[in-house]
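# What the coordinates show
Residues per chain, in single letters:
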Amino acid sequence: MTKALEGVRILDMTHVQSGPTCTQLLAWFGADVIKVERPGTGDATRGQLRDIPDVDSLYFTMLNHNKRSVTLNTKADTGKEIFTKLIEHCDVMVENFAPGALDRMGFTWERIQEINPRMVYASVKGFGPGPYEDCKVYENVAQCTGGSASTTGELDGFPMVTGAQIGDTGTGLNLALGIVTALFHRERSGRGQRVTCAMQDGVLNLCRVKMRDQQRIAHGPLKEYPQYPNGEFGVAVPRAGNASGGGQPGWIVKCKGWESDPDAYIYVITQAAAFPAFAKVIGHEDWLEDPEWSTPEARLPKLEQVFDEIEKWTMTKTKFEVMEILNPLNVPCGPILSMKELAEEPSLRATGTVVEVDHPERGKYLTVGNPIKLSDSPSEVKRSPLLGEHTDEILSEIGLSADEVAAAKAEGAV
Ligand code: CAO
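Residues numbered from 1 in each chain as written. Predicted model: local features only at pLDDT ≥ 70, side-chain atom pairs only at ≥ 80, totals over all residues. Heavy atoms only, no water.

## Remarks on the pairing of strand β3 (residues 67–71)
In plain terms, the rule: The buried label goes to any residue with under 20% of its type's maximum accessible area, the exposed label to any with over 50%, and the partly exposed label to all in between, with areas taken from a 1.4 Å probe on protein chains only. Helix numbers and strand numbers start at the N terminus; a helix is a DSSP run of H or I with at least 4 residues, a strand a run of E with at least 2. Note: two strands are recorded as paired if DSSP finds a minimum of 2 bridges between them.
For β3, the tally of buried residues reaches five of five residues, placing the bulk of the element in the interior. Taking every second residue as pointing to the same face, both faces of β3 are buried, with K67, S69 and T71 on one and R68 and V70 on the other. Alignment of strand β2 (residues 32–37) against β3, held across five bridges, turns out to be parallel. Pairing of V33 across the sheet is with K67, part of β3.

## Concerning the sheet that holds strand β7 (residues 250–254)
Note: strands within a sheet are paired through backbone hydrogen bonds, in either parallel or antiparallel orientation. To be explicit about the condition: Axis lines are fitted through C-alpha atoms, for helices just across the contact stretch, and the angle between N-to-C directions can take any value from 0 to 180 degrees. Only heavy atoms matter for contacts: two residues are in contact if any of them lie within 4.5 Å across the pair.
Spatial strand order, β7-β8-β9: three strands in an open sheet with antiparallel pairing. Edge strands, defined here as strands with exactly one partner in the open sheet, are β7 and β9 (333–335). Along the sheet, successive strands turn relative to each other by an average axial angle of 20°, direction set aside. Here three bridges tie strand β8 (residues 265–269) to β9, and the two strands are oriented antiparallel to one another. Opposite V268, over in β9, you have C333 as the bridge partner. Against the sheet, helix α13 (residues 303–314) touches β7 and β8, its axis set at about 40° to β7.

## A short note on the site of the ligand
Threshold: One heavy atom within 4 Å of a molecule or strand is enough for the residue carrying it to be called near that molecule or strand. Under this definition, polar contacts are N or O atom pairs within 3.5 Å; protein pairs additionally need one hydrogen-donor-capable and one acceptor-capable atom, and for neighbouring residues in sequence, both atoms have to be side-chain atoms. For the accessible areas, the method is Shrake-Rupley and the probe is 1.4 Å, while residue cover comes only from the protein chains on display. Each residue gets one label: Ala, Val, Leu, Ile, Met, Phe, Trp, Tyr, Cys and Pro are nonpolar, Asp, Glu, Lys and Arg are charged, and the others, such as Gly, are polar.
Residues in contact with the ligand amount to 24 residues; listed here are only the nearest, K75, A98, K136, V137 and D168. Within the side chain of H15, a nitrogen or oxygen atom sits 3.0 Å from an oxygen atom of the ligand. Summarising the interface, the protein chains cover 83% of the accessible area of the ligand, which totals 950 Å² for the free molecule. The residue makeup of the shell around the ligand, split by class, is ten nonpolar, seven polar and seven charged.

## Describing the sheet that holds strand β5 (residues 120–125)
Strands sit in the order β3-β2-β1-β4-β5-β6 across an open sheet of six strands; the sheet is parallel. Taken across any chain shown, the strands that pair with only one partner, and hence form the sheet edges, are β3 and β6 (194–198). When the angles between neighbouring strand axes are averaged without regard to direction, this sheet yields 20°. Lying over the sheet, helix α7 (residues 168–189) contacts β4 (92–95), β5 and β6, oriented at roughly 165° with respect to β6. Here helix α8 (residues 199–206) sits on the sheet in contact with β5 and β6, set at roughly 65° to β6.

## Some details on helix α3 (residues 77–89)
We count it as follows: Take the residue count of a helix, subtract one, and multiply by 1.5 Å to get its expected span.
A rise of 1.5 Å per residue sets the reference length of α3, with its 13 residues, at 18 Å; its end C-alpha atoms lie 19 Å apart and thus fit the reference within 8%. Within α3, the full set of buried residues consists of T78, G79, I82, F83, T84, L86, I87 and H89.

## Focus on the nonpolar core
Heads up, the condition is: Only buried Ala, Val, Leu, Ile, Met, Phe, Trp, Tyr and Cys residues count toward a nonpolar core, and they belong to the same one when joined by side-chain atoms within 4.5 Å.
Counting residues in hydrophobic clusters, the biggest one holds 34 residues, and the most contacted among them are I10, L26, V92, V94, L175 and I179. Breaking this core down by element, the ones donating at least two residues are α1 (18–28), β4, β5, α7, β6, α8 and β10 (354–359). Once residues within four sequence positions are removed from consideration, V94 is found in contact with I10, L11, D12, M13, T14, C22, T23, A122, L175 and I179. In terms of nonpolar packing, the next biggest core, distinct from the first, is built from 27 residues, I82, M93, W109 and L395 among them.

## Considerations on the packing of aromatic side chains
Here is the rule: Two aromatic rings, drawn from Phe, Tyr or Trp (for Trp, its six-membered ring), form a pair once their centres lie within 6.5 Å of each other, and the interplanar angle then sorts them: stacked below 30 degrees, edge-to-face above 60, tilted otherwise.
Throughout the structure, instances matching the rule amount to six aromatic pairs. Ring centres of Y225 and F233 lie 6.4 Å apart, and the angle between their planes is 65°; this geometry places the pair in the edge-to-face category. Note on Y225: relative accessible area 3%, which makes it buried. Judged by centre distance (6.0 Å) and plane angle (10°), the ring pair of F275 and W287 falls under stacked. Linking F275 in helix α10 (residues 275–281) with W287 in helix α11 (residues 286–289), this pair joins segments that are twelve residues apart in sequence. You'll find F275 and W287 in the same group, each marked buried. Put simply, the rings of F275, W287 and W293 pair up and form one aromatic cluster.

## Regarding the packing of α1 against α7
The description of two helices packed together rests on the angle between their axes and the distance between the axes. Note the cut-off: In what follows, roughly perpendicular refers to angles from 65 to 115 degrees, roughly parallel to angles under 35, roughly antiparallel to angles over 145, and oblique to any angle outside these ranges. Two helices that cross are described as forming a left-handed crossing if the nearer one is turned anticlockwise from the farther one by less than a right angle, and a right-handed crossing if clockwise.
Following both chains from N to C, one finds α1 and α7 inclined at 45°, their axes separated by 7 Å at the closest point. By the angle between their directions, the pair α1 and α7 is classed as oblique. In this structure, α1 meets α7 at a crossing whose hand is right-handed. In this structure, α1 contributes S18, T21, C22, L25 and L26 to the contact, and α7 contributes D168, T169, G172, L173, L175, A176, I179 and V180.

## Some words on the pairing of strand β11 (residues 363–368)
The pairing of β10 with β11 spans six bridges and is classified as antiparallel. Bridging across to β11, E356 finds its partner in L366. Where β10 folds back on β11, the antiparallel hairpin that results is connected by three residues.

## Quick look at unusual backbone geometry
Among all residues except glycine, the phi angle is most often negative; among peptide bonds, the trans geometry is most common. Each neighbour pair has its own omega, and for Y228 with P229 the value is 5°, a cis peptide bond. Here P229 shows up in the loop between α9 (208–216) and β7. For V16, which is not glycine, the phi torsion reads 60° and is therefore positive. Mapped onto the secondary structure, V16 falls in the loop between β1 (9–13) and α1. Non-glycine residue N330 carries a positive phi angle of around 65°.

Right, dumping it as structure tokens:
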């Protein structure tokens with residue numbers, strides 16, 4: 001079975017997280033991803049957050065599966081010559097260096113088009129054109145500048161970042177879509193094009209519903225927010241704790257064992273259609289006949305009381321028992337699953353979402369596989385490359401003789 005992107009060659013100049021998540025996805029779909037790394041050190045994440053001395057970190061291994069690694073000093077003259085050959089050889093170049101880094105090496109977009117007019121050149125930067133375009137950006141900076149931190153957190157607390165890597169991995173996903181779209185366009189136009197994704201834009205896109213609410217504020221209080229009806233609304237969308245972002249009220253409630261288990265909680269949504277069955281199961285059949293409680297509009301100012309009553313019931317059951325009872329009643333709900341529970345979940349192993357990988361230096365470890373499933377191009381997760389593991393074979397593929405490779409190594413270009 002051929003893979004969806006078989007035959008597509010990616011020149012991968014990415015490092016840290018945002019870029020590598022993009023090229024890892026493309027590699028899972030079958031692209032040949034050639035990761036270019038600085039001789040000696042490689043991607044900085046190889047050495048960051050190490051759990052085993054002198055072994056590539058999980059940070060690196062979990063973001064660089066199915067790739068090949070070539071070491072190359074792209075600032076040295078011989079390195080630049082080899083890099084030019086790699087640009088001729090590949091279909092896509094991906095990078096997420098600080099703004100201007102590739103230009104400073106001498107590889108501007110204009111120069112890349114001269115070398116290979118079919119090249120798709122894709123970049124992640126922290127910001128698009130504007131006052132911050134030259135800034136370096138990491139995940140949490142993007143969360144703060146993209147609207148996520150301002151709208152996340154306790155009602156009266158400070159802004160909060162989320163553990164989900166929406167700035168890095170989120171933008172990597174956007175970039176991957178931009179690349180395959182540009183490749184599709186190239187089929188008709190014959191030309192490559194520039195693909196740029198800003199992390200701020202990516203986070204803001206994921207905060208679209210909050211921009212919706214920003215405009216609703218002008219027309220009255222946001223009635224589904226916990227601030228309604230007793231709290232104050234300011235000029236901007238407030239933080240809303242665990243309130244649902246949609247039109248159906250939801251909240252996190254305690255379950256049996258919450259006193260000792262930090263994850264003994266469940267998210268429940270009081271969707272109108274399922275409310276009668278939900279009310280009955282928690283012992284509040286009385287609400288259904290009472291106009292003070294029977295309609296979503298009547299309950300809206302009393303959501304805190306609604307969830308308090310729900311919690312009295314959920315605290316008598318484990319989160320999995322609640323799930324078992326509420327799901328047949330069509331009540332949308334989901335237990336708070338810890339990383340330990342997710343790592344051990346058999347169904348996630350069965351679908352390849354959680355995968356055990358063997359690595360020659362670290363042994364077996366768990367990773368998150370491809371979240372996108374294609375029926376005719378399933379992903380097989382292969383371990384990340386050691387630094388420079390494929391240097392000789394890649395340089396030979398682009399036409400360098402063994403003597404040329406030896407000479408490049410001797411002068412430190414490789
Ligand atoms: N050979 C020679 N030089 C190389 C090289 C190679 N193979 N690979 C990289 N370099 C050089 C770069 O050209 C750059 O040199 P100059 O500063 O002289 O131009 C230098 O290495 C360092 O690159 P950098 O500035 O990108 O690295 P940093 O660690 O200082 O910054 C980061 C990291 C992520 C903040 C920055 O790259 C960035 O803002 N990237 C864009 C946004 C992004 O993707 N952020 C997500 C990061 S994941 O949380």
